[in-house]
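# Structural overview for review
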Amino acid sequence: MADPLIGTQVNNFIIRDHIGQGGMASVWLAEQTLNVVRRIALKIPRRGLEDTAATAARFEHERDLLAGLEHRHIARLYDAGIYAAGQPDLAMEWIDAGR
């Protein structure tokens, strides 16, 4: 069964495939479609684990931490946004690990 998010647009990104999932969020392979065309990893929180304000605050904190990191073994943060009724997202460098 295909995931309903595949093919949908989240801000300037179109979701292409599911990469993985952790306890609090899922990561998707997506394509940036505005200004720069490239593949990215899009992190989206799982709904219903905490209220929207708490999720937004947690993602804002993560965004600020990632923005200050620069290392060849850490994926770069490209963008952060809010979509669909206050849900945050983080757009990061996609690293092809043999997919």
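As the structure is a prediction and not an experimental result, all values here were calculated from the model. (Residues numbered from 1 in each chain as written. Predicted model: local features only at pLDDT ≥ 70, side-chain atom pairs only at ≥ 80, totals over all residues. Heavy atoms only, no water.)

### Focus: the packing of aromatic side chains
Formally: Paired rings are identified among Phe, Tyr and Trp, the last through its six-membered ring, by centres lying within 6.5 Å, and are further divided according to the angle between planes into stacked (under 30 degrees), edge-to-face (over 60) and tilted (the rest). When the NZ atom of lysine or the CZ atom of arginine is within 6 Å of a ring's centre and also within 35 degrees of its normal, the charge is said to sit over that ring.
Going through the model one piece at a time under the given rule, you end up with zero aromatic pairs. The side chain of Arg38 reaches across the aromatic face of Tyr78, ending 3.7 Å from its centre. For Lys43, the ring lying beneath its charged end belongs to Phe59, and the centroid distance is 5.7 Å.

### Digging into the pairing of strand β3 (residues 25-32)
This is how the line gets drawn: Relative accessibility decides the category of a residue: with a 1.4 Å probe and only protein chains considered, values under 20% of the type maximum give buried, values over 50% give exposed, and everything between is partly exposed. Put simply, DSSP marks the helices as runs of H or I at least four residues long and the strands as runs of E at least two long, and each gets a number from the N terminus on. Only strands that DSSP links by at least two bridges are regarded as paired with each other.
Of all eight residues that make up β3, six are buried, and the element is covered over most of its length. With seven bridges connecting them, strand β2 (residues 13-21) and β3 associate as antiparallel partners. Across the sheet, Asp17 pairs through a bridge with Leu29, a residue of β3. From the end of β3 to the start of strand β4 (residues 38-45), which pair antiparallel, there are five residues, and Asn35 there has a positive phi angle of about 70°.

### Considerations on the environment of Ile14
For clarity, the cut-off: Contacts are assigned to residue pairs with any non-hydrogen atoms lying within 4.5 Å of each other.
Following the sequence through the fold, Ile14 ends up in strand β2. Along the sequence, Ile14 and Arg72 sit 58 residues apart, while their C-alpha atoms lie 26 Å from each other. Setting aside residues no more than four positions away along its own chain, Ile14 makes contact with Gly7, Thr8, Gln9, Leu29, Ala30, Glu31 and Thr33.

### Overview of helix α1 (residues 52-67)
Counted only if it meets this: In this scheme, a helix's expected span is set at 1.5 Å multiplied by one less than its residue total. In this description, one arc is meant: the one made by directions from the helix axis to the C-beta atoms. Whenever two N or O atoms come within 3.5 Å, that pair is a polar contact, provided that in protein one can donate a hydrogen and the other can accept it, and provided that, for residues adjacent in sequence, both atoms are side-chain atoms.
Between its terminal C-alpha atoms α1 stretches 22 Å, which fits the 22 Å expected from 16 residues at 1.5 Å a residue. The complete set of buried residues in α1 reads Thr55, Phe59, Glu62 and Leu66. Buried positions in α1, seen along its axis, are confined to an arc of 60° and lie on one side of it. Those residues of α1 that are exposed and aimed more than 90 degrees away from the buried face are Ala53, His61 and Ala67. Lining the buried residues of α1 we find β3, β4, β5 (77-83) and β6 (87-93). Here α1 starts with a cap whose side-chain oxygen sits 3.1 Å from the backbone nitrogen of Ala53, and that cap is Asp51.

### A closer look at the environment of Glu31
By the secondary structure assignment, Glu31 is in strand β3. Judged by relative accessible area, Glu31 falls into the partly exposed class, the value being 26%. A C-alpha to C-alpha distance of 5.3 Å links Glu31 and Phe13, two positions 18 residues apart in sequence. The contacts of Glu31, once residues within four sequence positions are left out, are Asn12, Phe13, Ile14, Arg16, Val37, Arg38 and Arg39. A distance of 3.1 Å separates polar atoms of two side chains, one belonging to Glu31 and the other to Arg16.

Purely spatial values, then, with no claim about function.
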